[in-house]
Amino acid sequence: MSLFFAAVFLIYTAMHLYPLLRARAAFAVRGLPLAFLSLFMLIQIMAPIIVNYTEKFGLDRTARVMAFAGYTWMWLIFLFVSSSLAVDLFRLLTTLSAWIFPWNAVDFTPSARISFLIPLIISLCITAYGFSEADNIRTERLVIRSPKIPASMGRVRIVQISDLHLGLIVREGRLKQVVEKIEREKPDIIVSTGDLVDGQICRLNGIIDLLSSLKAPYGKYAILGNHEYYAGIDQALQSTEKAGFRLLRGGTATGIIGIAGLDDPAGNDSGQYRDIPEGDLLSALPPDKFRLLLKHRPIVEESSPGLFDLQLSGHTHKGQIFPFSIIIHYLYPLDAGFGQLMKGSMLYVCRGTGTWGPPIRFLSPPEITVIDLVHGKSPPTIP
């Protein structure tokens, strides 16, 4: 793990060296301005480490400012480098083509200054839009008809949240918006499919109380994601339970429907991971009831289809920020939305309700998911 973080740190450092050299070439930055720019870059490189230690020592305000600035800058620098590489590729192609065709490549090759300004403008525009998209929580709806839902019930409404990442950046403002949306739906069951908390949540007074105000007549259920372990499993467990959720850690609950929940395998090294065989867990659910599986990562065990009716997952954020979505789609073929599996089982993957890292989303808006279970045999429908 330490080697992984070292590699990430080196790559992130290199991503800052590149725009520094580009700025120097574009504007002839020298002397004191170059020193100040280099110092700024160094602070931004160290921002994630600064956030970790200031939060650990209780300097919450400093940690919040550094988290917002540092993670936003992380996204901005990634965009700038990506856009700059595209411009560099264009410059290279025009130069190579001039060797083949009789025309002057200089007429079509942007100058060093233009090559710096174009990626900068693109990065700033996309970042500004990304703030707006992250704040626009959508309500996605899915209707599933099943003979296991009694006709007399009419409807069982489940509201799913996932990857809220309550912590330094996702706070009261975002959570109030989520709570209001959920309350308007009048859910029968509320589920959280992991990464509810992310950070030293024990010092975020009042935030958990907002979640505890949510009511559902047939219960609130949660599972652990990978970030609960990263943030500190003990305080994550306390916070989730204080919010009124029943944690299903390799356990089941049977009521109007049968629900099973699994721990995320990120907890393997924590000593508190509950490694329960998925098949054994699902077999404990009554087959005559609608069987709901809560699993943070959208991975379907080969032997599980037919043992559950619907699996609800999250984790992917659908990449959160394009072009990360391309990588995520490679890792998880169903990275968002609904999928029909074998033997009548189904999978729904939530794009996530909050944000991790930068408070930005691009081509992956956040969501809460409303699933209506009704009596019948027709295929699932998405209104």
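Residues numbered from 1 in each chain as written. Predicted model: local features only at pLDDT ≥ 70, side-chain atom pairs only at ≥ 80, totals over all residues. Heavy atoms only, no water.

S.K.: Describe the pattern of salt bridges, with residues and values.
M.R.: Per the counting criterion, the structure on display carries 14 salt bridges. With a shortest N-O distance of 2.7 Å, R157 and D372 are connected by a salt bridge. Here the residue R157 occupies a position in strand β2 (residues 156-161), and D372 occupies one in strand β12 (residues 367-375), the gap between them amounting to 215 residues. For the pair shown, R157 and D372 are each scored as buried. (Salt bridge = Lys/Arg side-chain N within 4 Å of Asp/Glu carboxyl O. Helix = DSSP H or I, 4+ residues; strand = E, 2+ residues; numbered from the N terminus. Buried < 20%, exposed > 50% of the residue type's maximum accessible area, 1.4 Å probe, protein only.)

S.K.: Hey, could you go over the nonpolar core for me, with residue numbers and the actual values?
M.R.: Counting 30 residues, the largest nonpolar core has L175, V178 and I182 as the members making the most contacts within it. Mapped onto this core, the elements with two or more residues apiece are β2, α5 (172-185), α6 (207-212), α8 (233-242) and β12. In this structure, I182 is in contact with V159, I161, P187, I190, L214 and I368, ignoring residues within four places of it in sequence. Counting residues in hydrophobic clusters, the runner-up holds 23 residues, among them L142, I259, L294 and I371. (Core = buried A, V, L, I, M, F, W, Y, C linked by side-chain atoms within 4.5 Å. Contact = heavy atoms within 4.5 Å.)

S.K.: Could you give an account of the packing of aromatic side chains, naming the residues involved and the relevant values?
M.R.: The final tally for this structure, using the stated rule, is nine aromatic pairs. Judged by centre distance (5.0 Å) and plane angle (85°), the ring pair of F40 and W73 falls under edge-to-face. Highlighted residues: F40 in helix α2 (residues 31-56) and W73 in helix α3 (residues 60-100), separated in sequence by 33 residues. Judged by relative accessible area, W73 falls into the buried class, the value being 18%. Aromatic rings pair up to connect F27, F80 and F116 into one cluster. Its guanidinium or amino end placed over the ring of F245, K220 lies 5.0 Å from that ring's centre, counting from NZ or CZ. (Phe/Tyr/Trp six-rings, centres within 6.5 Å; stacked < 30°, edge-to-face > 60°. Lys NZ or Arg CZ within 6 Å of the ring centre and 35° of its normal.)

S.K.: Requested: an account of the side chain of K220, with residues and values cited.
M.R.: With respect to the element layout, K220 can be found in strand β4 (residues 220-223). One buried charged residue, K220, forms no salt bridge at all, with the nearest opposite charge on E183 at 9.3 Å. At 3.0 Å, the side chain of K220 and the backbone oxygen of L211 are in polar contact. Within polar-contact distance, the side chain of K220 engages the backbone oxygen of L214 at 3.0 Å. Beyond its immediate sequence surroundings of up to four residues, K220 is in contact with I190, L211, S212, L214, A243, G244, F245 and R246. (Lys, Arg positive; Asp, Glu negative; His and termini not counted. Polar contact = N/O pair within 3.5 Å; in protein donor to acceptor, adjacent residues only side chain to side chain.)

S.K.: Tell me what's going on with α2, and back it up with residues and numbers.
M.R.: Here α2 is 26 residues long and its end C-alpha atoms lie 37 Å apart, about the 38 Å a rise of 1.5 Å per residue gives. In the structure, α2 departs most strongly from a straight axis at A47, where the bend amounts to approximately 50° and where the proline P48 lies between one and four residues downstream. Downstream of α2 by one or two residues, G58 has phi in the positive range, about 85°. (Expected span 1.5 Å × (residues − 1). Bend = angle between axes of the 7 residues up to and from the residue.)

S.K.: Which residues make up unusual backbone geometry, and what are the values?
M.R.: Of note in the backbone geometry, K186 takes a positive phi value of approximately 50° without being a glycine. Locating K186 in the fold gives a position in the loop between α5 and β3 (189-193).

S.K.: Please give an account of the sheet that holds β12 that cites residues and values.
M.R.: Spatial strand order, β1-β12-β2-β3-β4-β5: six strands in an open sheet with mixed pairing. Since the sheet does not close on itself, it has two edges, and those belong to β1 (138-146) and β5 (246-247), each with one partner. Where β4 and β5 come together, two bridges link them in parallel fashion. Following the sheet pairing, Y221 is matched in β5 by R246. (Pairing = 2+ DSSP bridges.)

S.K.: Describe the pairing of strand β7 (residues 258-261), with residues and values.
M.R.: Going residue by residue along β7, you find G258 and A260 tucked away on one face and I259 and G261 tucked away on the opposite face as well. Looking at chain direction, strand β6 (residues 251-254) and β7 are connected through four bridges and run antiparallel. In the sheet register, G251 faces β7, and the bridge partner there is G261. Hairpin connection from β6 to β7: three residues lie between these consecutive antiparallel strands. In the sheet, β7 pairs with strand β8 (residues 291-294) via four bridges, with the strands oriented parallel. Among the inter-strand pairings, G258 is bridged to a residue of β8, identified as R291.

S.K.: Which residues make up the sheet that holds β6, and what values go with them?
M.R.: The six strands lie next to each other as β6-β7-β8-β9-β11-β10, forming an open sheet whose pairing is mixed. Each having just a single partner strand, β6 and β10 (337-340) make up the two edges of the open sheet. Going from strand to strand, the sheet's axes swing by 20° on average, the running direction of each strand aside. Pairing analysis gives four bridges linking strand β9 (residues 310-313) to strand β11 (residues 346-349), with the strands arranged parallel. Residue pairing in the sheet places S313 in a bridge with V349 of β11. (Axes fitted to C-alpha atoms, helices over the stretch in contact; angles between N-to-C directions.)

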